[in-house]
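So the chains spell out like this:
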Amino acid sequence: MKEETIKVEITGMTCDHCANRIEKLVKTLEGVAEVDVHYPSGNGEISFDSEKISTNGIVNAINGTKNYRVKSIIGSGDNSTANTHYDLIIIGGGSAAFSAAIKAESLGISTLMVNGGLDFGGTCVNVGCVPSKNLIRAGETAYHATHSNFKSIKPKGVDIDFAQLIKDKKQLVATLQKMKYMDVVSDFQHLKMMSGWAEFVDNKTIIVDGKQKYTALKFIIATGATTNIPNIEGLNEVGYLTNISLFELEEKPESITIMGAGYIGLEIAMAYNRLGVKVRIIEFTDRVLRTQTPDISDALETQMKKEGIEILPNFRAIKFERKGNDTVIHCKCPDGSVTKIIEKGKMVIASGTKPNTQKLGLQNIGLLLDKSGHVLVNEKMETNLSNIYAVGDATNTPAFVYTAAFEGKIAVENAFSSANNKADYSSLPWVVFTDPQVAGAGLDEVQAAAQKIPFEVSKIELKDVPRAIAANDTRGFIKLIRNTETDKLIGARVVAPEGGELIQQLSMAIKYGITVKELAESFYPYLTLGEGIKLAAITFGKDVSKLSCCAS
């Protein structure tokens, strides 16, 4: 502990109550030992551990209030290093980093954000969620202009201006990047943002672009993840695209071969196929979306093949070469033989992601990583080093933009107060934006069995849900998993058009211990997809096909 004491002159106080409010505020800051604020003199005396909080951090906390300001400082402080020393340094510039910066600003914490690689805003707004969902919706619009669920309605086709579509996507990205990221922090008083690559010199110091050093009391690593490029002979020579470069192409490719059938590969496949690109998927495992149960994979494969997407499971690419304008893919087949696949268009790599932790100099500070390079954190976002936190896709936590933002917030709270907040992902909802969509929350049957939880599964096909029958679209199912000892819902999986809109209700049911009996006895509007949840709950004890439309 390195104890220091400062005296501050505070303006804006009008009574003793003001002095008490300031004392209470400052006492909540981690590292502050004693606070004595005197209204008549307008002065305050603050003792603190300078290894846990800086003078700037204390001053900013007071200045962050509506009425009070620090006019002057008398004491040891650290003003001489104000330009290079901060309470908090955030490495990264995505959703987790911005969430952390927003929380830090509310606490009056001096913060430096150092971002390299993608523009500020990170993966989601620049090359991930926003552009992909925009193109998915565009593809869906094109598909419904040429396909109808009703024999009596015959679509007349669609004219796709692909170049304009991509230009509109770029404009959307630019607008949201400005509106939801840069504009949000534009008037922050305690945040400095800089572009550059940060590397740890020691656990209290970074160097940016090998030039300027910066120090801080606490650090948050929020560097995200990027496409994992497999080490296959010839791949670099033939050239390839990732979601980053694919989404920038204004000239529609004739065809694409996608390496990988995880959620990124599948979303790309459905969107571009519907926009008029011939699509092939090569997957080295036995089915698409291998992390989920086979019934989910089967439902997706059926629809994708129906739409003309070629899927090659258990095919492993072992070599790439260029022949004229074509790419030749040498693949090991399921039977062990080797075949050649010709791609006349573009190669797209969608074989998972890897954390951006290789260039941070983590070996200099002994920060612990898992085998794939993710920073190991606990439920408080703490690493093995007490002053360094990590959040988002760079860590061993679920890789979603909304979990990253949550982690950024609680990391700051835990670092600079005694909040002791924890991330609980036991009811986390997620969605894969294929068509039909795949959504889940909690455990599936495989996970429940692995945890030795007594469980039972109820599954209702959409062909037994009135809303789906009336819409002439019965693709998919709703599956519920309950604990047989408590009757509480412990998991759910939905495969359905717009199935993602159902999953939040099921996530909340899992989080708050709702029983299947309570789900079955609740009211659901008739002819909604949500009624399928009620029918699935009833199916635990009855054959729903033998019930009337408004069954209870």
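Residues numbered from 1 in each chain as written. Predicted model: local features only at pLDDT ≥ 70, side-chain atom pairs only at ≥ 80, totals over all residues. Heavy atoms only, no water.

So, on to the overall build of the chain. Along its length, the chain carries 16 helices and 25 strands. Seen through its principal axes, the chain has C-alpha atoms that stretch 85 × 65 × 45 Å. Considering the chain as a whole, with its 552 residues, one finds that 51% of them fall into the buried category. Long-range contacts, defined here as pairs at least 24 residues apart, represent 62% of the contacts in the chain between residues at least 6 apart. Accessible surface for the chain amounts to roughly 25700 Å². Of this, 51% is attributable to carbon and sulfur atoms. One way to put it: in the chain the 61 positive side-chain charges average out to a point 4 Å from where the 64 negative ones average out. (Helix = DSSP H or I, 4+ residues; strand = E, 2+ residues; numbered from the N terminus. Buried < 20%, exposed > 50% of the residue type's maximum accessible area, 1.4 Å probe, protein only. Contact = heavy atoms within 4.5 Å. Areas by Shrake-Rupley, 256 points an atom, 1.4 Å probe, with all protein chains shown as cover. Lys, Arg positive; Asp, Glu negative; His and termini not counted. Charge placed at Lys NZ, Arg CZ, Asp CG, Glu CD.)

Between aspartate 435 and proline 436 the backbone carries a cis peptide bond, its omega angle lying at 5 degrees. With respect to the helices and strands, the residue proline 436 is situated in the loop between β21 (429-432) and β22 (437-442). Phi at methionine 381 takes a positive value of approximately 70 degrees, unusual for a residue other than glycine. Relative to the helices and strands, methionine 381 is located in the loop between β19 (353-355) and β20 (388-390). Judged by its relative accessible area of 1%, methionine 381 falls in the buried class. Backbone geometry at asparagine 472 places phi at a positive 55 degrees, although glycine is not the residue there.

Side chains that are three or four residues apart share a direction in an α-helix, a result of its 3.6 residues per turn. Relative to the 18 Å expected for 13 residues at 1.5 Å per residue, helix α10 (residues 294-306) spans 18 Å between its end C-alpha atoms, a close match to the ideal helical length. Every buried residue belonging to α10 is among Asp295, Ile296, Ser297, Leu300, Glu301, Gln303 and Met304, and all of these are buried. Immediately downstream of α10, the backbone of glycine 308 shows phi near 95 degrees, a positive value. (Expected span 1.5 Å × (residues − 1).)

Before going further, it helps to spend a moment on the pattern of salt bridges. In total, this model carries 29 salt bridges according to the counting rule given. As a salt-bridge pair, glutamate 307 and arginine 274 come within 2.7 Å of each other at their nearest N and O atoms. With a gap of 33 residues between them, glutamate 307 in the loop between α10 and β14 (310-313) and arginine 274 in helix α9 (residues 263-274) connect regions that are remote in the sequence. The exposure class of glutamate 307 is buried, given its relative accessible area of 14%. With its nearest N and O atoms 3.0 Å apart, the salt bridge here joins lysine 459 to aspartate 295. Of this pair, lysine 459 sits in strand β23 (residues 455-461) while aspartate 295 is found in helix α10, placing the two residues 164 residues apart along the sequence. (Salt bridge = Lys/Arg side-chain N within 4 Å of Asp/Glu carboxyl O.)

Let's shift gears to helix α5 (residues 129-144). Taking 1.5 Å as the rise per residue, α5 with 16 residues should run 22 Å; its terminal C-alpha atoms sit 22 Å apart, in good agreement. Buried within α5 are the following residues: Val130, Pro131, Ser132, Leu135, Ile136, Ala138, Gly139, Ala142 and Tyr143.

Moving on: the side chain of glutamate 407. Of note, glutamate 407 is situated in helix α11 (residues 401-416). Buried charge without a salt bridge: glutamate 407, with lysine 409 as the nearest opposite-charge side chain at an N-O distance of 13 Å. Setting aside anything within four residues of it in sequence, one finds glutamate 407 in contact with Met381, Val391, Gly392, Thr395, Thr397 and Tyr425.

The next subject is the nonpolar core. Judged by nonpolar contacts, the single largest core of 53 residues is most densely connected at Ile89, Phe200 and Ile206. The contacts of phenylalanine 200, once residues within four sequence positions are left out, are Ile91, Thr205, Ile206, Phe219, Ile221, Leu360, Gly361, Leu362, Asn364, Ile365 and Ile388. Among the nonpolar cores identified, the runner-up in size contains 36 residues, and Phe162, Ala261, Leu266 and Ala350 belong to it. (Core = buried A, V, L, I, M, F, W, Y, C linked by side-chain atoms within 4.5 Å.)

Let us now look at the confidence of the model for the chain. Scored by pLDDT, the chain has a mean of 93; 97% of the residues are at 70 or more. Low confidence marks residues 76-82, where pLDDT is under 50. Its contacts with residues over four positions away, or in another chain, come to 13 contacts. (pLDDT = per-residue confidence, 0-100.)

Now for the sheet that holds strand β16 (residues 326-332). Hydrogen bonds along the backbone pair up the strands of a sheet, which may run parallel or antiparallel. The three strands lie next to each other as β15-β16-β17, forming an open sheet whose pairing is antiparallel. Strand pairing shows two members of the sheet lacking a second neighbour, β15 (316-323) and β17 (338-343), which therefore form its edges. Strand-to-strand twist of the sheet, defined as the mean angle between neighbouring strand axes without regard to direction, takes the value 25 degrees. Pairing analysis gives seven bridges linking β15 to β16, with the strands arranged antiparallel. Across the sheet, residue glutamate 321 finds its bridge partner in β16, namely valine 328. (Pairing = 2+ DSSP bridges. Axes fitted to C-alpha atoms, helices over the stretch in contact; angles between N-to-C directions.)

Attention now goes to the sheet that holds strand β13 (residues 278-283). Taken in spatial order, the four strands make up an open sheet running β14-β13-β12-β18, and their pairing is parallel. In this open sheet, the two edge strands, each paired with only one partner strand, are β14 and β18 (346-349). Across the sheet, the mean angle from the axis of one strand to that of its neighbour is 20 degrees, orientation sign disregarded. Two strands pair when backbone bridges link them, and β13 and β14 are joined in this way by four bridges, in the parallel orientation. For isoleucine 281, the partnering residue across the bridge sits in β14 and is isoleucine 311.

As judged from the six bridges shared by β16 and β17, these two strands associate in the antiparallel manner. Each bridged residue has a counterpart across the sheet, and for threonine 327 the counterpart in β17 is glutamate 343. Counted between consecutive antiparallel strands, the loop separating β16 from β17 contains five residues, among which glycine 336 sits at a positive phi close to 95 degrees.

Per the counting criterion, the structure on display carries five aromatic pairs. Taking the centre distance of 5.3 Å and the plane angle of 20 degrees together, the rings of phenylalanine 400 and tyrosine 402 count as stacked. Tyrosine 402 gets classed as partly exposed once you look at its relative accessible area, which sits at 39%. Linked through ring pairs, Phe98, Phe120 and Tyr181 together constitute an aromatic cluster. Lying over the aromatic face of tyrosine 143, arginine 274 brings its terminal NZ or CZ to 4.0 Å of the ring centre. The ring of phenylalanine 477 has lysine 459 sitting right over it, with the charged end atom 4.1 Å from the ring centre. (Phe/Tyr/Trp six-rings, centres within 6.5 Å; stacked < 30°, edge-to-face > 60°. Lys NZ or Arg CZ within 6 Å of the ring centre and 35° of its normal.)

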